[in-house]
Amino acid sequence: MAITLLSHEVSDLCIGKPPLRCLSAVTATVADAIAALKSSDDPFLSVWSCNHDETNDDDDNKKCDCECLGKICMADVICYLSKFDNKVLSLSSAFNASVSVLLHKCRSIVVHVQSSCKLAEAIDLITGGAQNLIVPIQTKRGQHKVLTRKNAVVSLTTTTTTHKNSRQFCWITQEDIIRFFLGSISTFSPLTSMSISELGVINSTRAFLAVDYYSSAASAVTAISLAIANNISVLVVDGGCDVVEYPRIALIGEILPMTLACCDETAAAAVATLSVGELMTYIEGSGPLESHVRVVRNRLEEKGMVGLISLVDSLSGSSSSEEESPTGRKKSYGRSVSRAARMARKSVAIVCNRKSSLMAVMIQAIARRVSYVWVVDEDGCFIGMVTFVDILKLFRVFLDD
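Let me begin by describing the structure that accompanies this report.

Cut-offs and rules
Residues numbered from 1 in each chain as written. Predicted model: local features only at pLDDT ≥ 70, side-chain atom pairs only at ≥ 80, totals over all residues. Heavy atoms only, no water. Helix = DSSP H or I, 4+ residues; strand = E, 2+ residues; numbered from the N terminus. Buried < 20%, exposed > 50% of the residue type's maximum accessible area, 1.4 Å probe, protein only. Contact = heavy atoms within 4.5 Å. Areas by Shrake-Rupley, 256 points an atom, 1.4 Å probe, with all protein chains shown as cover. Core = buried A, V, L, I, M, F, W, Y, C linked by side-chain atoms within 4.5 Å. Pairing = 2+ DSSP bridges. Right-handed = clockwise from strand over helix to strand, strands pointing away. Polar contact = N/O pair within 3.5 Å; in protein donor to acceptor, adjacent residues only side chain to side chain. Axes fitted to C-alpha atoms, helices over the stretch in contact; angles between N-to-C directions. Parallel < 35°, antiparallel > 145°, perpendicular 65-115°, else oblique. Left-handed = near helix turned anticlockwise from the far one by under 90°. Salt bridge = Lys/Arg side-chain N within 4 Å of Asp/Glu carboxyl O.

1. Concerning the overall build of the protein chain
Right, on to step 1. Along its length, the protein chain carries 16 helices and 15 strands.
Right, on to step 2. Counting all 401 residues of the protein chain, 52% fall into the buried class.
Right, on to step 3. A separation of at least 24 residues holds for 72% of the contacts in the protein chain among residues at least 6 apart in sequence.
Right, on to step 4. Carbon and sulfur atoms make up 51% of the accessible area of the protein chain, which amounts to about 18,300 Å² in all.

Written out as structure tokens, the structure reads:
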């Protein structure tokens, strides 16, 4: 059974996956990325560098020169826009900048593989640092939607992208592999019923990103960007530091990039003006309270952040006629996202303890759509974390043995 599992191809995990919605690093702008993210249920979009003019499309033997450069989400946009806080002109230039400014420097986050790639090799790539494996897929000709340069959505009969030979791609994530293994979880008995402490999968040696609850949210932008790149969250602590190397602190909560990704671009104003604790309240739930939005706008005026004021007013004014909900929230300050994404909009840290079973931790992470769970002791103090990468390493060794 173990040999059978590892001999599966990644194409087996692609069944039912929709083609990636893509943006061109050559032509797309930050404004294009915002429009595309708002119209997508997927929190991430892929950015590609395609140069079809230099190859012969009729030659199927030539290597496809379509390369995925990385992925972006609304949290990347928010962190980027929060830095443009002085003039309307500077914010305008930010929107017109190439979408490539949103990409992370680490190119190994996404890795291309063939559809025949074995699952064992895929696991090695994931545990080696890759977050997404780009896999070519076969699709039938039909009506699909493709993002255009002018933010419009048009109907084509070929593909959702402009890749060579009308090729389409999907990507495989850490969660996809964990879910695949859950279908054959009995193979891993008795590992799944053992505690994470017994299995030694608690990672307490790495450095973790942390910010002080009372510090400015603007000072946490670098940490948030690093958290996106490393597929984790930023710990919120009382009197924290930039990086926690010897953790013995009580957790207040966390800033989850996926929570920011559920917001729209106006959250950049909140990042630029609020404290970390205030930002946690602002982004949690289905959207910020109207009173919180007023606080943000007042602080923007105090600091003379004209560009961000115009950004907030441009979006709130377009839907000012909407009625405020009984909770005091307006839909105009958040993206329309899936139910799974809305589940991520919580600032309470996702935690377990040393005695938690491996199975419980896996289910807990999948239920919250994250790739990790923080581990705390009996006093609620942070002692480490368990990630999907740690679990996949354990499963890989177990299957090899």
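From this point, the discussion proceeds with the structure in view.
2. A look at the nonpolar core
Right, on to step 1. If you look at the biggest cluster of nonpolar residues, it comprises 133 residues, and the most contacted ones within it are I72, L81, I177, F181, L308 and W374.
Right, on to step 2. With residues up to four places along the chain from it excluded, the contact list for I177 reads L13, L119, I123, I126, I172 and L392.

3. Comments concerning the pairing of strand β5 (residues 132–137)
Right, on to step 1. Within β5, 6 of the 6 residues are buried, leaving the element largely enclosed by the surrounding structure.
Right, on to step 2. Residues N132, I134 and P136 line one face of β5 and the alternating positions L133, V135 and I137 line the opposite face, and both faces are buried.
Right, on to step 3. In terms of strand pairing, strand β4 (residues 110–112) meets β5 through 3 bridges, oriented parallel. Counterpart to V110 in the pairing with β5 is N132.
Right, on to step 4. Of the crossover connections in this fold, the one passing from β4 over helix α5 (residues 119–127) to the parallel β5 is right-handed.

4. Remarks on unusual backbone geometry
Right, on to step 1. P190 follows S189 through a cis peptide bond whose omega is 10°.
Right, on to step 2. Within the element layout of this structure, P190 appears in the loop between α6 (174–182) and α7 (196–199).
Right, on to step 3. Backbone geometry at N231 places phi at a positive 60°, although glycine is not the residue there.
Right, on to step 4. Residues other than glycine seldom take positive phi values, yet R369 does so here, at roughly 55°.
Right, on to step 5. Within the element layout of this structure, R369 appears in the loop between α15 (358–367) and β14 (372–376).
Right, on to step 6. Residue R369 is classed as partly exposed on the basis of its relative accessible area, which comes to 36%.

5. Overview of the side chain of Q131
Right, on to step 1. With respect to the element layout, Q131 can be found in the loop between α5 and β5.
Right, on to step 2. Polar contacts involving the side chain of Q131 include one to the side chain of K71, which spans 3.0 Å.
Right, on to step 3. Not counting residues within four places of it along the chain, the set of residues in contact with Q131 comprises K71, I109, I126, I172, T173, Q174, I228, A229, N230 and N231.

6. Re the packing of α5 against α6
Right, on to step 1. Here α5 crosses α6 at 135°, and the two axes come no closer than 11 Å. When the axis of α5 is compared with that of α6, the two are oblique. Judged by the twist between their axes, the crossing of α5 over α6 is left-handed. Of α6, the residues touching α5 (which contributes L119, I123 and I126) are Q174, I177, F180 and F181.

7. Overview of the pattern of salt bridges
Right, on to step 1. In total, this model carries 11 salt bridges according to the counting rule given.
Right, on to step 2. Where E265 meets K38, a salt bridge forms, and the shortest distance between an N and an O atom there is 3.0 Å. With a gap of 227 residues between them, E265 in the loop between α9 (257–261) and α10 (267–273) and K38 in helix α2 (residues 30–38) connect regions that are remote in the sequence.
Right, on to step 3. Here E378 ties to R354 by a salt bridge, and the two come within 3.9 Å at their closest N and O atoms. Of the two residues, E378 is situated in the loop between β14 and β15 (382–387) and R354 in the loop between β13 (351–352) and α15; the sequence distance between them amounts to 24 residues.
Right, on to step 4. Assessed through its relative accessible area of 36%, R354 is described here as partly exposed.

8. Brief notes about the sheet that holds strand β8 (residues 168–173)
Right, on to step 1. Pairing is mixed across the open sheet formed by 3 strands, whose spatial order is β4-β5-β8. Whereas interior strands pair on both sides, the edge strands pair on one side only; in this sheet they are β4 and β8. Taken over all neighbouring pairs, the strand axes of this sheet differ in orientation by 35° on average, direction set aside.

9. With respect to the packing of α6 against helix α16 (residues 388–400)
Right, on to step 1. Their axes nearest at 10 Å, the elements α6 and α16 cross at an angle of 45°. On the basis of their axis angle, the class for α6 and α16 is oblique. At the point where α6 passes α16, the crossing takes the left-handed sense. Contacts between α6 and α16 involve Q174, E175, I177, I178 and F181 on the former and, on the latter, F388, V389, I391, L392, F395 and L399.

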